[in-house]
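Breakdown of the fold
Now for the letters of each chain:
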Amino acid sequence: MFATGVTIVTARTPAGVLVGLTANSFNSVSLQPPLVLWSLAQAAGSMPALSTGSHYAINILAADQKELAERFASGRADRWQGVAYTDGASGAPLLDGAAASFECFNRSRYEEGDHVIFVGEVERCTHRAGAAPLLFHGGKFYTEHPL
């Protein structure tokens, strides 16, 4: 019963393979230094790439990106097909149209239960002025809501 924003965490492996997954377990940790956290199931197929890579991006989705949230939450092999993005400074994909994007150094990881908590140090961030956020609550996405 807790409404959250929706993110897609993206990275690029040393071999150039794109990695991306939908996550709503995102939170601010610190302003000085700027730190954020998110978590991922230990059994996730993207765990090896994300736990060993040096950088990733957290793309906060806008209300008009519900289809992307569903696509990257699925097991689709072609999830990157037709997705518009630019490369961040570290090579992590920044999704076009995101409400905001945080480029993060993979600072630390903590195993807790069946998940790993990732703490990222924000090196760069951008935002799209006027973008309404995509929300998730009670197992449903919400794209239209008064702010």
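Residues numbered from 1 in each chain as written. Predicted model: local features only at pLDDT ≥ 70, side-chain atom pairs only at ≥ 80, totals over all residues. Heavy atoms only, no water.

Concerning the nonpolar core
Grouped together as the largest cluster of nonpolar side chains are 21 residues, with contacts concentrated most on Val9, Trp38, Leu50, Tyr56, Ile58 and Phe118. When contributions to this core are tallied by element, the ones reaching two or more residues are strand E2 (7-12), strand E3 (18-23), strand E5 (35-41), helix H1 (47-52), strand E6 (55-60), strand E9 (100-112) and strand E10 (115-127). Val6, Leu61, Ala69 and Leu95 belong to the second largest nonpolar core, which has 10 residues in total. (Core = buried A, V, L, I, M, F, W, Y, C linked by side-chain atoms within 4.5 Å. Buried < 20%, exposed > 50% of the residue type's maximum accessible area, 1.4 Å probe, protein only. Helix = DSSP H or I, 4+ residues; strand = E, 2+ residues; numbered from the N terminus.)

Re the confidence of the model for the chain
For any part of a model where pLDDT is low, the fine detail of the predicted coordinates should not be relied upon. Mean pLDDT over the chain stands at 93; residues scoring 70 or higher make up 98%. Within the chain, strand E12 (residues 140-142) has the poorest average pLDDT of any element, 84, and strand E8 (residues 93-95) the best, 98. (pLDDT = per-residue confidence, 0-100.)

Overview of unusual backbone geometry
Glycine aside, negative phi is the norm for most residues, and most peptide bonds take the trans geometry. Residues Gln32 and Pro33 are joined by a peptide bond in cis, for which omega reads -5°. Here Pro33 lies in the loop between strand E4 (26-30) and E5.

With respect to the side chain of Asn59
Tracing the chain through its elements places Asn59 in strand E6. A relative accessible area of 0% places Asn59 in the buried class. Separated by 3.0 Å, the side chains of Asn59 and Ser101 make a polar contact. (Polar contact = N/O pair within 3.5 Å; in protein donor to acceptor, adjacent residues only side chain to side chain.)

Details of the sheet that holds E4
Spatially, E3-E2-E6-E9-E10-E5-E4 is the arrangement adopted by the seven strands of the open sheet, whose pairing is antiparallel. Here the strands that pair on one side only, and so sit at the sheet edges, are E3 and E4. Here the strands of the sheet are splayed against their neighbours by 35° on average, with no regard to which way each runs. Note: E9 against E10, 12 bridges, orientation antiparallel. Each residue of the ladder has a partner; that of Arg109, found in E10, is Phe118. Against the sheet, helix H2 (residues 66-73) engages E2 and E3, with an angle of about 110° to E3. (Pairing = 2+ DSSP bridges. Axes fitted to C-alpha atoms, helices over the stretch in contact; angles between N-to-C directions. Contact = heavy atoms within 4.5 Å.)

Considerations on the sheet that holds strand E1 (residues 4-5)
Pairing is antiparallel across the open sheet formed by three strands, whose spatial order is E1-E11-E12. Where the open sheet ends on each side, the last strands, each with one partner, are E1 and E12. Taken together, the two bridges between E1 and strand E11 (residues 135-137) define a ladder with antiparallel strand orientation. Among the inter-strand pairings, Thr4 is bridged to a residue of E11, identified as Phe136.

Points about the pattern of salt bridges
Applying the stated criterion across every chain yields a total of eight salt bridges. We note a salt bridge from Arg124 to Glu123, for which the minimum N-O separation is 3.7 Å. For Arg124, a relative accessible area of 35% gives the class partly exposed. In the salt-bridge network here, residues are joined through shared partners; they are Glu103, Glu123 and Arg124. (Salt bridge = Lys/Arg side-chain N within 4 Å of Asp/Glu carboxyl O.)

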